[in-house]
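# Structural overview
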Amino acid sequence: MSTTVDASADLIRLEEEYGAHNYHPLDVVVEKARGVWVWDVEGNKYLDFLAAYSAVNQGHCHPKIVAALKEQADRVTLTSRAFRNDQLGPLCAELCQLTGYKRFLPMNSGAEAVETAIKAARKWAHTIKGIPEDRGEILVFEGNFHGRTTTIVGFSSDEQYRKGFGPFTPGFKLLPYGDFKAVENAVTPETIAILIEPIQGEGGILIPPMGFLRRVRELATANRVLLAVDEIQSGLGRTGKLFCFEHERIRPDIVIVGKALGGGCMPISGILADDEVMDVFHPGDHGSTFGGNPLACAVARSAIKVLLEENLVENSARLGEYFLGRLQTLKSKYIKEIRGKGLWIGVELTADAGGARRFCEALQKQGLLCKETHVNIIRFAPPLVITRQEIDWAMERIAKVLA
Ligand SMILES: *Cc1c(COP(=O)(O)O)cnc(C)c1O
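The model shown is predicted, which means the values in this text are computed figures rather than measured ones.

## Describing the overall build of the protein
Looking only at helices and strands, the protein has 14 helices and 15 strands in total. Rg of the C-alpha trace for the protein: 21 Å, near the compact-globule value of 22 Å for 403 residues, within the 12% margin. Once the C-alpha set of the protein is aligned to its principal axes, its extents read approximately 65 × 50 × 45 Å. Relative to its 403 residues, the protein shows a buried fraction of 55%.

Next comes the structure, spelled out in structure tokens:
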């Protein structure tokens, strides 16, 4: 270990003194990262088991993505959508070719993409389905996480996300997650859309019963309701498929992407949809100054290419199964349940384990960076470039800390 602990302490002090206190990070100050590894300012090395909430699926500073970033940075970085650029068209085409959707609308943050999906669904309902402008409802689910804008936190079931931020946007109805009967009962002629995460990540890696999403799809189709699936965290390989909804062989009307689309380098998000939905947007209806900027588009093109060339989706499926299997052999009085799909695994601790935070802090001391979700769940979500040996390395430490 190091003798210059002050470097971290000073930087933490600056952040605490001059930064807003809207996060409670682990006290590791990262200075450098490569692949699945990060180094702090004292030179300690850690395995990153959070991957920036899946925004770093391709691994930190992937050489090809960084090269694309640098090359584009030297040419042109921003045009705004007032002019065209030579990266947006190719990105849209490549994404559509990969996913089978007809159009892509780029934004920056995940929350903006969710807002875009909400606007698209509402405008579709008001202009095509015939629901009056001041009416209509979008069905959402308890435990959801779709971002932090005022509209989005307005339909969160987490008190802390809402408290003090009202008044909120009307037009949303909360339903229990995974309960098909509740969805069936909630659909009315004024239902616009169903907005759902295929697995609730922030909710604690909650996996709905098999067949739930498929039945929701059928219900939506039968009632001419749009199905909008938030794949911002679950998508782009995390669960061992390109998109998590593929596990149920369904096709949503709107797919919301973000996080790993930027290869851990640039914020870029957006929605995928076919013409009937996307054509509700006319020039001036919606936009973003940085949305579709050539720098982010060039990075996203490279991020997708890396995902495919390096078979990261398959790696996630294969090593996820291996990792889950090894975790399930752990004997620990602290573990209540282990669940996951692909390289997205939640270890739920018992109520008397003393909270997940202390285990995350203990794992940090062992060289493994994880983040608790809620009070009792440790989430494991390494970059998808991880190897079997690195999982074994992590398993030794996890076993020790949970023993
Ligand atoms: C992270 C996330 C968002 C919000 O993305 P931001 O880029 O933080 O705005 C929305 N939905 C899901 C499922 C997410 O994981």
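## Quick look at the pairing of strand E5 (residues 137–141)
The element E5 is extensively covered by neighbouring structure, given that four of its five residues are classed as buried. In the sheet, E5 pairs with strand E7 (residues 191–196) via three bridges, with the strands oriented parallel. Considered in E7, the bridge of Leu139 is made with Ile194.

## Brief notes about the sheet that holds E5
Taken in spatial order, the seven strands of this open sheet run E4-E10-E9-E8-E7-E5-E6, and their pairing is mixed. Of all the strands in the sheet, the pair left with one neighbour each is strand E4 (103–107) and strand E6 (172–175). Each strand axis lies, on average, 20 degrees off the axis of its neighbour in the sheet, ignoring direction. Two strands pair when backbone bridges link them, and strand E8 (residues 226–230) and strand E9 (residues 254–257) are joined in this way by three bridges, in the parallel orientation. Bridge pairing links Ala228 to Ile254 in E9. Across the sheet, helix H4 (residues 88–99) touches E4 and strand E10 (269–273), and the angle it forms with E4 is around 125 degrees. The strands touched by helix H5 (residues 110–129) within the sheet are E4, E5, E6, E7, E8, E9 and E10, with E7 carrying the most contacts at an inclination of about 160 degrees.

## Re the state of the cysteines
The full count for this structure, using the stated rule, is zero disulfides. Among the cysteines around Cys61, which has no disulfide bond, Cys265 carries the closest sulfur, lying 6.4 Å off. You can call Cys61 partly exposed: its relative accessible area is 37%.

## Digging into the nonpolar core
Counting 81 residues, the largest nonpolar core has Phe323, Ile378, Phe380 and Ile398 as its most contacted members. No other element matches helix H11 (residues 294–309), which puts nine residues into this core. When near neighbours in sequence (up to four residues on either side) are disregarded, Ile378 contacts Ile345, Gly346, Val347, Leu349, Ala356, Phe359, Cys360, Cys370, Lys371 and Leu402. Counting residues in hydrophobic clusters, the runner-up holds 31 residues, among them Ala125, Ala228, Ile254 and Ile271.

## Regarding the packing of aromatic side chains
Using the criterion set out here, one finds 11 aromatic pairs in the structure. On the numbers, 6.0 Å between centres and 75 degrees between planes, the contact of Phe141 with Tyr177 is edge-to-face. Note that Phe141 is positioned in strand E5 and Tyr177 in the loop between E6 and helix H8 (180–186), a separation of 36 residues in sequence. When sorted by exposure, Phe141 lands in the same class as Tyr177, which is buried. Measuring from centroid to centroid gives 5.8 Å for Phe145 and Tyr161, while their planes differ by 75 degrees, and the two rings are edge-to-face. Placement of Phe145 in the loop between E5 and helix H6 (150–154) and of Tyr161 in helix H7 (residues 159–162) is noted, with a sequence separation of 16 residues between them. Taking the relative accessible area as the measure of exposure, Tyr161 reaches 16% and is therefore buried.

## A word on the packing of helix H13 (residues 356–365) against helix H14 (residues 388–402)
Packing of H13 against H14 brings their axes to within 10 Å, and their N-to-C directions diverge by 135 degrees. With respect to their mutual orientation, H13 and H14 come out oblique. In the crossing of H13 with H14, the sense of the turn from one axis to the other is right-handed. On H14, the residues that touch Phe359, Ala362 and Leu363 of H13 are Arg397, Ile398, Val401 and Leu402. In terms of residue class, the contact of H13 with H14 is made up of six nonpolar, no polar and one charged.

## What about the site of the ligand?
Around the ligand, the neighbouring residues are Ser109, Gly110, Ala111, Phe145, His146, Gly147, Glu197, Asp230, Ile232, Gln233 and Lys259. Contacts to the ligand include Phe145, whose backbone N or O atom sits 3.3 Å from a nitrogen atom. Contact between the ligand and Gln233: an oxygen atom at 2.7 Å from a side-chain N or O atom of the residue. For the ligand, the protein covers 80% of the area, taking 380 Å² as the surface of the free molecule. Tallied by class, the residues present in the shell around the ligand amount to three nonpolar, five polar and three charged.

Conventions used here
Residues numbered from 1 in each chain as written. Predicted model: local features only at pLDDT ≥ 70, side-chain atom pairs only at ≥ 80, totals over all residues. Heavy atoms only, no water. Helix = DSSP H or I, 4+ residues; strand = E, 2+ residues; numbered from the N terminus. Rg over C-alpha atoms; globule rule 2.2 N^0.38 Å. Buried < 20%, exposed > 50% of the residue type's maximum accessible area, 1.4 Å probe, protein only. Pairing = 2+ DSSP bridges. Axes fitted to C-alpha atoms, helices over the stretch in contact; angles between N-to-C directions. Contact = heavy atoms within 4.5 Å. Disulfide = S-S within 2.5 Å. Core = buried A, V, L, I, M, F, W, Y, C linked by side-chain atoms within 4.5 Å. Phe/Tyr/Trp six-rings, centres within 6.5 Å; stacked < 30°, edge-to-face > 60°. Parallel < 35°, antiparallel > 145°, perpendicular 65-115°, else oblique. Left-handed = near helix turned anticlockwise from the far one by under 90°. Nonpolar A, V, L, I, M, F, W, Y, C, P; charged D, E, K, R; others polar. Near = heavy atom within 4 Å. Polar contact = N/O pair within 3.5 Å; in protein donor to acceptor, adjacent residues only side chain to side chain. Areas by Shrake-Rupley, 256 points an atom, 1.4 Å probe, with all protein chains shown as cover.

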